[in-house]
Amino acid sequence: MTLGKLFSKFGSALTVASVLGFAGQSALAQETINIGFSGPLSGGAALYGKNVMDGLSKGVEDVNKKGVTINGKSYKLNLVGLDDKYAPSETAVNARRLVQESKTPFIFVPHSGGIFALQTFNERSKFIIMAYSSLPSILEKKNPFTVRIPESFTRYFPTFIDTQMKAYGKKLGVATTNTDYGKAFTKEFVAAWEAAGGEVVSHNQMSYNASADFYSGVGRTLADKPDVLLIGGPSEPTALVAKQARELGFTGGFIFMDQAKYNEMERVLGDYSLLENSIGIVPIVKEVRPESTPFVEEFEKNHPEYKGKALSSEVILNYAMVHVIANAMELANSADDLSAIYSKMDEAVKKLEPVYNPIQITGFETTGSMMYNSTAAMVKDGKLVRIPLVDSK
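None of these values were measured; they are calculated from a predicted model.

This part covers the overall build of the protein chain. Along the backbone of the protein chain there are 16 helices and 16 strands. Expected size for 393 residues packed as a compact globule is a radius of gyration near 21 Å; at 21 Å, the protein chain falls within 12% of this value. The C-alpha extent of the protein chain, read off along each of the three principal axes, is 65 × 40 × 40 Å. Within the protein chain, the fraction of its 393 residues that count as buried is 58%. Within the protein chain, counting contacts between residues at least 6 apart in sequence, those at least 24 apart form 65% of the total.

Here is the structure:
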């Protein structure tokens, strides 16, 4: 039975300790600090939610090897997860339950709708939202207890646009996923493309989850002869959209939404040849991200089930965040003074050892977002290469 089915079947707050079996009865008997999760563990987005949960659970495992020291006393972390089926109304119900029953000072949420739902009451209910979404508007409400884990996707736009517009031309075709996140990303990107002097010649967002046959939608997008295609959603269907575009004769450049990961697309396609002349975010692949090697080696040693597998950002970033909040609580010398904990986030990031910081998180902005030493990735001659980000104009 899968983790998602366990949560769906029992419909109750199951701790990761009890589900995954990484903590024995002695650990559960010790004093603990509960951290919460509400995300999709059933339905079409279950794999996405499971990846986030996996990262959190492995982070809890490793933090608990030495514990969290507050006022000279050592505490264990315990992850309590609930399935919200990607529904914001369910996220709100789950969060209230997590706070009331498990007194969670942190709740991780991996979708923007759920994050927005919690921002209406988290300050009053006294918990910090650990927001796994790169949507810029998450921080516009200036919620004092929201931590956006990924940086804003708009940071990549100048590089994506400058590179592909110079190489291929100014005509853009849009064939992205039609989810709320896809619509938000596309709206922002189209505005940036047009502001740079480009033209959107076709706009055809599609359901990336309903089918593996995208020929008709891609064909409509290509009918107006774009120079560049903006595509993206989950990695597996994004790979198929790119493949089918090539099969329909498209020879221009691809721009990938940040949701699509190169290493995951390679697993679908076999290599990078069909993704030639594309640009996207840098995956956790040692050939282009050598600074992640200490993390990958340590992670695979501690969690051998991941050895040789592609690590997604959902796993690694949420893993790293468990270490960040553990550091922040130790620095604040508190597990419940949210203002003190939040004020220590930047220092907590800077305290991360390389084995816990795989993609160079450099700090925490006062606006509420983690900061990164970011670059972009391209496929050239069938191989991934890394390129610097250009500044916004």
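What follows continues from the structure just given.
Attention shifts here to the pairing of strand β15 (residues 375-380). Counting buried positions along β15 yields 5 of 6 residues, so the element is predominantly enclosed. Here strand β12 (residues 278-281) runs beside β15; their pairing, made up of 3 bridges, is antiparallel. In the sheet register, Gly 280 faces β15, and the bridge partner there is Ala 377. As judged from the 6 bridges shared by β15 and strand β16 (residues 383-388), these two strands associate in the antiparallel manner. Note on β16: the bridge partner recorded for Lys 380 is Lys 383. The antiparallel hairpin formed by β15 and β16 contains 2 residues in its connecting segment, where Asp 381 sits at a positive phi of about 55 degrees.

Its 13 residues place the ends of helix α11 (residues 235-247) 18 Å apart at the C-alpha level, agreeing with the 18 Å of an ideal helix rising 1.5 Å per residue. Residues of α11 that are buried include every one of Ser 235, Pro 237, Thr 238, Ala 239, Val 241, Ala 242, Gln 244, Ala 245 and Arg 246, and no others. On the buried face of α11, the contacting elements are β8 (171-176), α10 (215-222), β10 (228-232), β11 (253-256) and α12 (262-269). At the exit of α11 stands Gly 249, carrying a positive phi of roughly 100 degrees.

The next thing to look at is the packing of helix α8 (residues 157-168) against helix α9 (residues 180-195). One can describe the packing of α8 onto α9 by two numbers: an axis separation of 10 Å at closest approach and a directional angle of 55 degrees. Classified by the angle their axes make, α8 and α9 are oblique. In this structure, the crossing between α8 and α9 has a hand that is right-handed. In this structure, α8 uses Phe 157, Phe 160, Ile 161 and Met 165 to contact α9, whose residues at the interface are Phe 185, Glu 188, Phe 189, Ala 192 and Trp 193. When grouped by side-chain class, the residues that make up the contact of α8 with α9 number 8 nonpolar, no polar and 1 charged.

All chains considered together, the criterion is met by 14 salt bridges. Residue Asp 54 pairs with Lys 50 through a salt bridge whose shortest N-O separation is 2.8 Å. Residue Asp 54 and its partner Lys 50 are located together in helix α4 (residues 46-63), separated by 4 residues, close to a single helical turn. Lys 50 sits in the partly exposed class, given a relative accessible area of 34%. Close ionic contact of Asp 162 with Lys 166 constitutes a salt bridge, the shortest N to O distance being 3.3 Å. Here Lys 166 and Asp 162 lie together in helix α8, a separation of 4 residues that amounts to about one turn. A relative accessible area of 21% means that Asp 162 is categorised as partly exposed. When salt bridges that share partners are traced, they join Lys 58, Glu 61 and Glu 305 into one network.

Here we come to the packing of aromatic side chains. Two aromatic rings, taken as a pair, are described by how far apart their centres are and by the angle between their planes. Per the stated rule, a full pass over the model turns up 22 aromatic pairs. Look at Phe 121 and Phe 127: their rings are 5.9 Å apart centre to centre, the planes differ by 65 degrees, and that puts the pair in the edge-to-face class. Its relative accessible area of 2% is what places Phe 121 among the buried residues. Residues Phe 254 and Phe 256 carry aromatic rings whose centres are separated by 5.9 Å and whose planes lie at 25 degrees to one another, so their mutual orientation is stacked. Here Phe 254 matches Phe 256 in class, with each residue buried. Within the aromatic cluster, the residues linked to one another by ring pairs are Phe 153, Phe 157, Tyr 181, Phe 185, Phe 189 and Trp 193.

Remark: α11 packs on α12, axes separated minimally by 8 Å, with the N-to-C direction vectors making an angle of 60 degrees. Classified by the angle between their axes, α11 and α12 sit oblique to one another. Considering how the two elements wind past one another, α11 and α12 form a crossing that is right-handed. For the pair α11 and α12, contact is made by Ser 235, Glu 236, Thr 238, Ala 239, Leu 240 and Lys 243 and by Glu 264, Met 265, Val 268 and Leu 269, respectively.

About the cut-offs
- Every residue gets a number counted from 1 within its own chain, in the order that chain's sequence is written.
- Local features in this predicted model are restricted to residues whose pLDDT is 70 or higher, and side-chain atom pairs enter the listing and the counts only when it is 80 or higher, whereas totals over whole chains, interfaces and linings include all residues.
- Think of the side-chain values as coming from all heavy atoms in the structure, minus any hydrogens and water.
- Secondary structure is summarised from DSSP: a helix means a run of H or I of at least four residues, a strand means a run of E of at least two, and numbering begins at the N terminus for each.
- C-alpha atoms define the radius of gyration, and 2.2 Å times the number of residues to the power 0.38 defines the globule rule.
- The buried label applies to any residue whose accessible area, calculated with a 1.4 Å probe on protein chains only, is under 20% of its type's maximum; exposed applies above 50%, and partly exposed to all values in between.
- In this analysis, two residues are considered to be in contact whenever any of their non-hydrogen atoms come within 4.5 Å of each other.
- Here a strand pair is declared whenever DSSP counts at least two bridges between the two strands.
- In this analysis, the expected span of each helix is defined as 1.5 Å times one less than the number of residues it contains.
- Comment: axis = line fitted to C-alpha atoms, over the contacting stretch for helices; angle = value between 0 and 180 degrees taken between N-to-C directions.
- In this scheme, roughly parallel covers angles under 35 degrees and roughly antiparallel covers those over 145, while 65 to 115 is roughly perpendicular and the rest are oblique.
- Crossings are assigned a handedness: left-handed for a near helix turned anticlockwise from the far helix by less than a right angle, right-handed for a clockwise turn.
- Here the term charged refers only to Asp, Glu, Lys and Arg, the term nonpolar to Ala, Val, Leu, Ile, Met, Phe, Trp, Tyr, Cys and Pro, and the term polar to all other amino acids, Gly among them.
- When a carboxyl oxygen of Asp or Glu lies within 4 Å of a side-chain nitrogen of Lys or Arg, that pair is called a salt bridge.
- Note on ring pairs: Phe, Tyr and Trp rings are taken, using the six-membered ring of Trp, and paired if centres are within 6.5 Å. Classes follow the plane angle, with under 30 degrees stacked, over 60 edge-to-face and the rest tilted.

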